[in-house]
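Here's the letter readout for the chains.
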Amino acid sequence: MAEPHVVTAASCLRSARLFNYGTIAAALMPFPLGILWIAGSMFVYAANAHHPDERVKHYIRWGGYRFYGVAGTVTVFANDMASLFGGGMKGWAFVWGFIMLVLIPWSLYDIWKAGREDWHDITVERDHG
């Protein structure tokens, strides 16, 4: 028998923002700690991939495109990017700066944009089979 369950508007907003909060935190952390967000982001992405509100899926999807795109780009080009700017700490600081410059403003914009959406409670039917 199906039983109704309410997904609150606050929960939808929190879910829509969660990926971006993690991305900002990861961009601000030193290298070894920021890498942990790769695993955490997969969990957040998978947990919200089938959210009943399409807008939540939209924010999670675009947050993923940005984060995984930058992570892939840095994986391929980080050594070359660091070498272009003198190598050593100066070069790696540039790579870290690049990560922050790309991810943080976009993530902040998505957090702001999600806050301006008109979220509503959603009732879904849960089947306990």
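Residues numbered from 1 in each chain as written. Predicted model: local features only at pLDDT ≥ 70, side-chain atom pairs only at ≥ 80, totals over all residues. Heavy atoms only, no water.

Chemist: Would you mind showing me how to read the pattern of salt bridges here?
Modeler: Proximity of charged atoms lets side chains of opposite charge pair with each other. The full count for this structure, using the stated rule, is four salt bridges. Between Glu 54 and Lys 57 there is a salt bridge; the shortest N-O distance is 2.9 Å. Of the two residues, Glu 54 and Lys 57 both sit in helix H4 (residues 54-84), three residues apart, roughly one turn of that helix. By relative accessible area, Glu 54 is classed as exposed at 52%. Residue Arg 55 is joined to Glu 117 by a salt bridge in which the shortest nitrogen-to-oxygen separation is 3.1 Å. Of this pair, Arg 55 sits in helix H4 while Glu 117 sits in the loop between helix H5 (88-115) and strand S2 (122-127), and the two are 62 residues apart along the sequence. We classify Glu 117 as partly exposed; its relative accessible area is 28%. (Salt bridge = Lys/Arg side-chain N within 4 Å of Asp/Glu carboxyl O. Helix = DSSP H or I, 4+ residues; strand = E, 2+ residues; numbered from the N terminus. Buried < 20%, exposed > 50% of the residue type's maximum accessible area, 1.4 Å probe, protein only.)

Chemist: Got a minute to help me understand the confidence of the model for the chain in this structure?
Modeler: Atom-level detail of predicted coordinates should not be read off regions where pLDDT is low. On average, residues of the chain score 89 in pLDDT, and 95% of them reach the 70 mark or higher. Model confidence for the chain, summarised as mean pLDDT per element, is weakest for helix H2 (residues 31-34) at 72 and strongest for helix H1 (residues 9-28) at 94. (pLDDT = per-residue confidence, 0-100.)

Chemist: Explain the side chain of Thr 23 here, please?
Modeler: Inspection of the secondary structure assignment puts Thr 23 in helix H1. When its relative accessible area of 2% is taken as the criterion, Thr 23 is described as buried. Separated by 3.3 Å, the side chains of Thr 23 and Trp 37 make a polar contact. (Polar contact = N/O pair within 3.5 Å; in protein donor to acceptor, adjacent residues only side chain to side chain.)

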